[in-house]
Amino acid sequence: MLREIIARLKQGHRTMAYPKEPVSLPQRFRGYPEFPATVERSDARACAEACPHGAITCDNGMALDTGRCLFCPECAAGGLVSFTTDHRLAATKREHLIVRPGGEHHLARPLEPSLRSLLGRSLKFREVSAGGCNACEADTNVLSTIGWDLGRFGIQFVASPRHADGLWVTGPVTENMREALLMTWEAIPAPKIVVACGACAIGGGPFADSPETHNGVADILPVDLFIPGCPPHPATILDGLLRLIGRIEGT
Ligand code: SF4
């Protein structure tokens, strides 16, 4: 027993210090995309054609939709698009996920002060896996491990929607899961928030436009936080959540 206690003391504090200290991500991590401030139409078209998921458009100037992007990254082969290690991808408005040459990097904004005041220092979610592959759930679960310790911010996942302040949705919302999702939403007491976690929940991901899916939760329920990624890195999820509850402000 003494040996275990000594080993534990030697381990020290394992929970990461984010947001007090920056999160350390490997160079191969693909975060916020960037491209030159001006892009030739022909180059933009080549990028759009290279994207197998329709995340890049060039009709009205080049635009990369991080809500549709799976960070694969086929488009980077041409050298025009590159992916930084900036994990801050979450946004509170769907249109803020569209990255344009020279455009602003929109970050998630805090909830209304009245709602934050009502929530206090506690935010509880009921998670619904609405037909995804479970990768987003896996990275969401990582946040509850000792390395991230989401509970230190008062954020937890609960079993009953009656005990929740919001709905956490992963997956493209298949037709089979639609009713269960709506029933869970109804069971959460108002006021309530919705988080779309991952490319599928935002816009259907690789299942977009399938007749069996609803292209994400925003077609069905109002969404308060969009977290891009396939799946989103835990750092991306945590950053979006902390901005939503006002624990991180500014850049
Ligand atoms: S990284 Fe995103 S934008 Fe680029 S090709 Fe893959 S899905 Fe398309």
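Look a little higher up for the structure.
For the structure given in this document, a descriptive report is provided here. (Residues numbered from 1 in each chain as written. Predicted model: local features only at pLDDT ≥ 70, side-chain atom pairs only at ≥ 80, totals over all residues. Heavy atoms only, no water.)

## Let's talk about the sheet that holds strand S6 (residues 123-129)
Overall, parallel pairing links the five strands, which are arranged S7-S6-S8-S9-S10 in an open sheet. Since the sheet does not close on itself, it has two edges, and those belong to strand S7 (155-157) and strand S10 (225-227), each with one partner. Pairwise comparison of adjacent strand axes, ignoring direction, gives a mean angle of 25 degrees for this sheet. Alignment of strand S8 (residues 166-170) against strand S9 (residues 193-197), held across four bridges, turns out to be parallel. Each bridged residue has a counterpart across the sheet, and for Leu167 the counterpart in S9 is Val194. The sheet contacts of helix H5 (residues 175-187) involve S6, S8 and S9, and relative to S6 the element is tilted by about 165 degrees. (Pairing = 2+ DSSP bridges. Helix = DSSP H or I, 4+ residues; strand = E, 2+ residues; numbered from the N terminus. Axes fitted to C-alpha atoms, helices over the stretch in contact; angles between N-to-C directions. Contact = heavy atoms within 4.5 Å.)

## What to know about the site of the ligand
Taken together, 14 residues lie around the ligand, and Cys51, Cys69, Leu70, Cys72 and Cys75 are the ones closest in. Residues belonging to the shell around the ligand are distributed by class as follows: twelve nonpolar, one polar and one charged. (Near = heavy atom within 4 Å. Nonpolar A, V, L, I, M, F, W, Y, C, P; charged D, E, K, R; others polar.)

## Re the pattern of salt bridges
A complete count under the given rule lists three salt bridges for this structure. Measuring nitrogen to oxygen at the nearest pair gives 2.7 Å for the salt bridge that ties Asp86 to Arg88. Both residues of the pair, Asp86 and Arg88, belong to the buried class. (Salt bridge = Lys/Arg side-chain N within 4 Å of Asp/Glu carboxyl O. Buried < 20%, exposed > 50% of the residue type's maximum accessible area, 1.4 Å probe, protein only.)

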